[in-house]
Amino acid sequence: MSNPVTSPVVTGVSTSGLKDSAIMIFGASGDLTARKLIPALFMLQKKEFLPPNVPIIGVARREKTDDSFRAEMKIALSKNIKGGITEAEWETFSKRLFYVASNLEEGADFGPLRDSVEKIERQQGVGVTRVIYMATDPKLFLSAVDALGKADMIPSAESPRKLRIVFEKPFGRDLNSSRLLSQSLSKQLREDQIYRIDHYLGKETVQNILLFRCGNSIFEPLLNRNHVDHVQITVAESQGIEAGRGGYYDKSGALRDVLQNHVLQLLCLIAMEPPARFEADAIRDEKLKVLKAFSTGGRPISEWAIPGQYVASEINGKPAPGYLQEERIAPDSNRETYVAMKVLIDNWRWAGVPFYLRTGKRFPERVSEIAIQFKHPPMHLFSTVECEGDMCQFVSAQSNSLVFRIQPNEAILLSVSTKRPGMQYQIHPVTMNFQFEDAFGGELPEAYERLLLDVLRGDSTLFTRSDELEEAWKFVTPVLEYWESQTIRPEPYAAGSWGPDKADQLLGSTGRSWRKPTSAEMHKKH
Ligand code: BG6
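What counts and how
- Residues numbered from 1 in each chain as written.
- Predicted model: local features only at pLDDT ≥ 70, side-chain atom pairs only at ≥ 80, totals over all residues.
- Heavy atoms only, no water.
- Pairing = 2+ DSSP bridges.
- Helix = DSSP H or I, 4+ residues; strand = E, 2+ residues; numbered from the N terminus.
- Axes fitted to C-alpha atoms, helices over the stretch in contact; angles between N-to-C directions.
- Buried < 20%, exposed > 50% of the residue type's maximum accessible area, 1.4 Å probe, protein only.
- Core = buried A, V, L, I, M, F, W, Y, C linked by side-chain atoms within 4.5 Å.
- Domains from an automatic or database assignment.
- Contact = heavy atoms within 4.5 Å.
- Patch = residues over 30% accessible without salt bridge, like charges linked within 9 Å, V, L, I, M, F, W, Y side chains within 5 Å.
- Areas by Shrake-Rupley, 256 points an atom, 1.4 Å probe, with all protein chains shown as cover.
- Salt bridge = Lys/Arg side-chain N within 4 Å of Asp/Glu carboxyl O.
- Phe/Tyr/Trp six-rings, centres within 6.5 Å; stacked < 30°, edge-to-face > 60°.
- Lys NZ or Arg CZ within 6 Å of the ring centre and 35° of its normal.
- Near = heavy atom within 4 Å.
- Polar contact = N/O pair within 3.5 Å; in protein donor to acceptor, adjacent residues only side chain to side chain.
- Buried area = accessible area lost by both parts, 1.4 Å probe.
- Parallel < 35°, antiparallel > 145°, perpendicular 65-115°, else oblique.
- Nonpolar A, V, L, I, M, F, W, Y, C, P; charged D, E, K, R; others polar.

**A word on the sheet that holds strand 6 (residues 194-196)**
Move 1: Read from one edge to the other, the open sheet built from six strands follows the order 3-2-1-4-5-6, with strand pairing classed as parallel. Both edges of this open sheet fall to strand 3 (97-101) and strand 6, since each of them pairs with a single strand only. For this sheet the average axis-to-axis angle between neighbouring strands, irrespective of direction, equals 20°.
Move 2: Relative to strand 4 (residues 129-134), strand 1 (residues 21-26) runs parallel, the two sharing six bridges. Residue pairing in the sheet places A22 in a bridge with R130 of strand 4.

In structure tokens form, the structure reads like this:
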């Protein structure tokens, strides 16, 4: 047996450099801070990744005291931490919370903010690394970065001080605006100071895709055009438009909101070549090659990209409103709440294998998964006829599938054909179901925990590089422009259904069909 080539990945989590850090959250009065960021930082403390002296400084325009900010965050934690928090945990956590009011808009003077932050840093005994999380309206990204520059808060490459800024999406609305934003930011910041977050990359099962592919030798040789019939990537949500999000969503839609980022990142992870080393740039280089190899076979957009919009229906006997009846949605909106696409990857490995992508709101189930559908066995050696009463059907070997279930009930499922016990050769499909919870128990860490820890450690592997972002926008922008300029009406689908019928046409007349995992299937253990 030959020895494998090694590219060591450090498995322990070193937190030694963290005790010199300060975290600032711009947009600290917003929903993201309360729902995701503060709970994630609390969990990092609970798991002993966040040294007790590291301050978390909330920054927003509204005047608030440290105490009132702490009181708000205590409520946020009680709502968002399963099982609640103890007084002792809160005691430690509240001591690291501070609040500084500051304007973040055009022309803002960060002098007073800098002085307040330095004072807090001295008091906490930190001062090497600053992490700033931009949880603000994206229109404040540039003005805030400008103000940081003017206040001398952006250290040079030679300085021992470090600054890392995390940008929440949306990072632009299309290719042009994203390019402009990147160019403007690059006048002030270096790429190593910019962390574009895609929270899907922080999900445990998403991180597992690469490890599963490159840590096992039996599957990787199968992942190519010789064995794979097609791949389906689904990010389905059962919820509609959440309260307060109508204004944003109606300007955005499923393509910008989820497909351009989360779905394309999943596609890259499953289709990329194994990197030579497990390092940020080596991985991102491989993802970039996949994005550059996207092809639509030269067909018109309407033949490979289908927009949909949910209409009023009944779910479990209760009326469910349509998109146009949701709060803050234009009554004649053409915005898509669903998108399905057929994408090809023009490279040696994947030539001719269709990747079917879909995402949207108001599906019957909340499910995110990557399903690799293998080719049929070359001949039906074991086809049998199965009868139940008068009903008989022809059963032959099903094609195998390998599914990465990202959520809920994170799992890896491999479907195979077996012999049903008995006196005949009766074929029966079964699923080998590996559930993360069974193997490792307990709750999996939230995506934001991992990603925030990575920013603090300066590891950008799970963040999107500017060239990846640009390629993703290059791919989706013509579709957006076509839908928007032609005022294409999205295909209607009933709230609580699997999307418009027209999306079936993408799969062609080849016997392929969209997967429809049922609730029972997803929650079934074995
Ligand atoms: C966000 C989108 O990026 O992802 C939301 O803006 C969507 O519209 C969410 O609901 C889905 O994320 P998750 O982790 O709940 O699958």
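From this point on, the discussion continues.
**Description of the environment of S68**
Move 1: By secondary structure assignment, the location of S68 is in helix 2 (residues 66-80).
Move 2: Residue class for S68 comes out partly exposed when judged on its relative accessible area of 28%.
Move 3: Put simply, S68 and A340 are 272 residues apart on the chain and 45 Å apart in space, counted from C-alpha to C-alpha.

**Some remarks on the nonpolar core**
Most often, soluble globular proteins have nonpolar side chains that are buried together.
Move 1: In this structure, F26, F110, F167, M341, F355 and L357 are the most contacted members of the largest nonpolar core, which totals 148 residues.
Move 2: Broken down by element, this core gets its largest block of residues, 13 residues, from helix 8 (residues 246-271).
Move 3: Lining this core are residues from two domains, each supplying at least three of them: domain 1 (16-168) and domain 2 (202-523).
Move 4: Beyond its immediate stretch of four places on either side in the chain, L357 contacts I233, L259, V263, L264, L267, V339, A340, M341, V343 and W514.

**Focus on a nonpolar patch on the surface**
Move 1: Taken together, the side chains of M379, L381, F382 and Y425 define a hydrophobic patch exposed on the protein surface, amounting to about 500 Å² of accessible area.
Move 2: Along the chain, F382 turns up in the loop between strand 14 (367-374) and strand 15 (384-388).
Move 3: Take F382: its relative accessible area is 41%, and that puts it in the partly exposed class.

**A word on the packing of aromatic side chains**
Move 1: Counted under the stated rule, the structure contains 23 aromatic pairs.
Move 2: Seen from their ring centres, F69 and Y99 are 5.3 Å apart, and the 45° between their planes marks the pair as tilted. One end of the pair, F69, is in helix 2; the other, Y99, is in strand 3, with 30 residues separating them in the sequence. Both residues of the pair, F69 and Y99, belong to the buried class.
Move 3: On the basis of an interplanar angle of 55° and a centroid distance of 5.4 Å, the ring pair of Y338 and Y493 is categorised as tilted. Of the two residues, Y338 is situated in strand 12 (residues 338-345) and Y493 in strand 20 (residues 491-494); the sequence distance between them amounts to 155 residues.
Move 4: When its relative accessible area of 3% is taken as the criterion, Y493 is described as buried.
Move 5: An aromatic cluster of at least three residues, connected via ring pairs, comprises Y249, Y310, Y323, Y338, F363, Y493 and W498.
Move 6: Between the NZ or CZ atom of R70 and the centre of the ring of F98, over which it lies, the distance is 5.5 Å.
Move 7: In this structure, K419 packs its charged tip against the face of Y425, placed 5.7 Å from the ring centre.

**Considering the site of the ligand**
Move 1: The environment of the ligand is made up of K169, H199, Y200, K203, E237, Q239, R245, D257, H262, K361, R366 and Q407.
Move 2: In this structure, K203 approaches the ligand through a side-chain N or O atom, which is 2.6 Å from an oxygen atom.
Move 3: Between the ligand and K361, the relevant distance is 2.8 Å, taken from an oxygen atom to a side-chain nitrogen or oxygen of the residue.
Move 4: Its free accessible area being 400 Å², the ligand has 84% of it covered by the protein chains.

**Points about the pattern of salt bridges**
Move 1: In this structure the tally under the stated criterion is 37 salt bridges.
Move 2: Its salt-bridge partner being D137, residue K139 comes within 3.5 Å of it at the nearest N-O pair.
Move 3: According to the relative accessible area criterion, K139 is exposed, its value standing at 67%.
Move 4: Among the charged side chains, a salt-bridge network with shared partners connects D281, R284, D285, R465 and D467.

**A word on the domain arrangement of the chain**
Move 1: Segmenting the chain into domains produces domain 1 (16-168) and domain 2 (202-523).
Move 2: The centre of domain 1, based on its C-alpha atoms, is set 35 Å off from the matching centre of domain 2.
Move 3: It is L18, L44 and R164 that lose the most area in domain 1 upon contact with domain 2, and together they represent 30% of the buried surface on that side.
Move 4: At the boundary of domain 1 and domain 2, one finds three salt bridges.
Move 5: Where E443 meets K82, a salt bridge forms, and the shortest distance between an N and an O atom there is 3.3 Å.

**Focus on the packing of helix 7 (residues 204-215) against helix 8**
Move 1: Two numbers describe how helix 7 lies on helix 8: the axes approach to 9 Å, and their chain directions differ by 10°. Taken together, the axis directions place helix 7 and helix 8 in an arrangement best described as roughly parallel. Between helix 7 and helix 8, the contacting residues are V206, I209, L210 and R213 on the first element and L266, L269, I270 and A271 on the second.
Move 2: Residues belonging to the contact of helix 7 with helix 8 are distributed by class as follows: seven nonpolar, no polar and one charged.

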